[in-house]
Amino acid sequence: MDALLPVINPGLVHSPASTFRDNGFMFFGSIGPVKNSNLIRIPRIMKVKAVAHKQASTASSAPSIDFSDPDWKSKYQQDFEARFNIPHITDVLPDAISYPSTFCLKMRTPIIPDFAERYPSDEEWHGYVNNNDRVLLKVIHYSSPTSAGAECIDPGCTWVEQWVHRAGPREKIYFKPEEVKAAIVTCGGLCPGLNDVIRQIVITLEIYGVKKIVGIPFGYRGFSDESLAEMPLSRKVVQNVHLSGGSLLGVSRGGPSVSEIVDSMEEREINMLFVLGGNGTHAGANAIHEECKKRRLKVAIVGVPKTIDNDILLMDKTFGFDTAVEEAQRAINSAYIEAHSAYHGIGIVKLMGRSSGFIAMQASLASGQIDICLIPEVPFNLHGPHGVLSHLKYLLETKGSAVVCVAEGAGQDFLEKINAKDASGNIILGDIGVHIQQETKKYFKGIGFPADVKYIDPTYMIRACRANASDGILCTVLGQNAVSL
């Protein structure tokens, strides 16, 4: 099992990735550019070293390049390869022993007791990924910087190949399954699909032959709160957990210090930790990894990125996003009906999206009922001849009603800065939805134009939903890859 970062291709679900191998921290998902709605996202299987959203963004940005240097292209490629280098357990423990993998999709009977001695299947299985396998990160060759959605490294849009590691099970693993005690922890807020990922991690661990699997209750807090006992997990326990929303293990923000967490892991003899969470959670996971390296512990820290906003660089899609877009249709349709049924009705819907407006944008496109979509990536004005309020007046005059969809991170410049952060380190945003509602009422009252304004915020209803079929498949692959890496 490898602690590397897989990215998925729905067409390769049969080839989950190998965590029994690595001591490095990682997170993973599918790849694709962020914050550019003009770009087409191309799914791929890959691995990328990343420790947090901020560092992932930095890793993907081009370094300072001297284009007058005739060797700039090869230097750029070398730098790219170095920045996406994959950590390995032998970097910390050079004498680490490898064993033949105990993973085989063709095997349906219990594996032999002494799994490290020989391959558990009598027939040869060509389902392993070679360590030298690579996947092309970008597949579109833009001929000009003026091409729609063009991302060019140099002014001439030179084609530069960027190769990343392919995810998949390896022939060699670095943990004996019978000696593994794996723990799973879910942190931050809720997101559709958490239970699906937990379920698949447990099932895949059992396929490898791991018997000791536990859940840490209520995030990192569960490592220090003596009143919270770890939860034994097995296929029987998690079999139907994906049929419900929320998290079987519970969630929380913040927690004890890194040294306390690692002390607890040593005391519990946990040598494989699967962390499901967002920015703050993964910053913590990386700190745990660094502390384990410092203590020279043979421990794999595996991060599964959780953001319903779909805003992680290099990832096509994060789990929970499809479900959020689908569930948002209910709120949008309700706002439309309210607005359409009222005299000069205006419906306002606020959706998730702190730094990016993927949910708001795609939910608006899918519904066909939105007149104005406001997202963090695109600045806008509320007042003035080209402002949102002026356009709302035009819509009421011409079609009698209007519906607005706004992402929670949009228009923050209009709001008073709180200068506070939550326990996960996220900046606490002002409520742009309520602000637009109030400003809309004030504007139309001020000009003597009757308007009936209705406001809907379905955030918590969406977060608590069970994952839909699309997200369920994504979570299954993520769970498989988390273990197999």
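Each chain carries its own residue numbering, running from 1 in the written order of its sequence. Thresholds applied to this predicted model are a pLDDT of at least 70 for local features of residues and 80 or more for the giving and counting of side-chain atom pairs; totals over whole chains, interfaces and linings are not thresholded and use all residues. The side-chain values count all of the structure's non-hydrogen atoms but skip hydrogen atoms and water molecules.

### Some words on the side chain of Asp69
Reasoning step 1: In this description a helix means any DSSP run of H or I spanning at least four residues, a strand means any run of E spanning at least two, and both kinds are numbered starting from the N terminus. Along the polypeptide, Asp69 turns up in the loop between helix 1 (53-60) and helix 2 (72-83).
Reasoning step 2: Accessible area is worked out with a 1.4 Å probe on protein chains only. A residue is then buried under 20% of its type maximum, exposed over 50%, and partly exposed in between. Taking the relative accessible area as the measure of exposure, Asp69 reaches 19% and is therefore buried.
Reasoning step 3: Definition of a polar contact: a pair of N or O atoms within 3.5 Å, with one able to donate and the other able to accept a hydrogen when the atoms are protein atoms, and with sequence-neighbouring residues admitted only if both atoms are side-chain atoms. Among the polar contacts listed, one links the side chain of Asp69 to the side chain of Lys75, at a separation of 2.6 Å.

### Comments concerning the environment of Lys176
Reasoning step 1: With respect to the helices and strands, the residue Lys176 is situated in the loop between strand 7 (172-173) and strand 8 (181-186).
Reasoning step 2: Between the C-alpha atoms of Lys176 and Tyr208, which are 32 residues apart in sequence, the distance is 9.3 Å.

### As for the nonpolar core
Reasoning step 1: Nonpolar cores were defined as sets of buried Ala, Val, Leu, Ile, Met, Phe, Trp, Tyr and Cys residues, with membership established by side-chain atoms within 4.5 Å. Grouped together as the largest cluster of nonpolar side chains are 60 residues, with contacts concentrated most on Ile184, Ile201, Leu205, Phe274 and Phe319.
Reasoning step 2: In terms of nonpolar packing, the next biggest core, distinct from the first, is built from 21 residues, Ile372, Leu382, Val404 and Val406 among them.

### Some details on the confidence of the model for the protein chain
If pLDDT is low for a region, its predicted coordinates should not be looked at in detail.
Reasoning step 1: The predictor rates its confidence in each residue with pLDDT, a number between 0 and 100. Here the protein chain averages 83 in pLDDT, and 82% of its residues register 70 or above.
Reasoning step 2: The secondary structure element of the protein chain with the lowest average pLDDT is strand 3 (residues 46-47), at 28, and the one with the highest is strand 13 (residues 345-351), at 98.
Reasoning step 3: Contacts are assigned to residue pairs with any non-hydrogen atoms lying within 4.5 Å of each other. Taken as a whole, residues 21-62 scores under 50 in pLDDT and shows 199 contacts with residues more than four places along the chain or in a different chain.

### Points about the environment of Ile312
Reasoning step 1: Position of Ile312 among the secondary structure elements: in the loop between strand 12 (300-305) and helix 8 (321-341).
Reasoning step 2: By relative accessible area, Ile312 is classed as buried at 6%.
Reasoning step 3: Considering only alpha carbons, one finds Ile312 and Asn279, 33 residues apart in sequence, at a separation of 9.5 Å.

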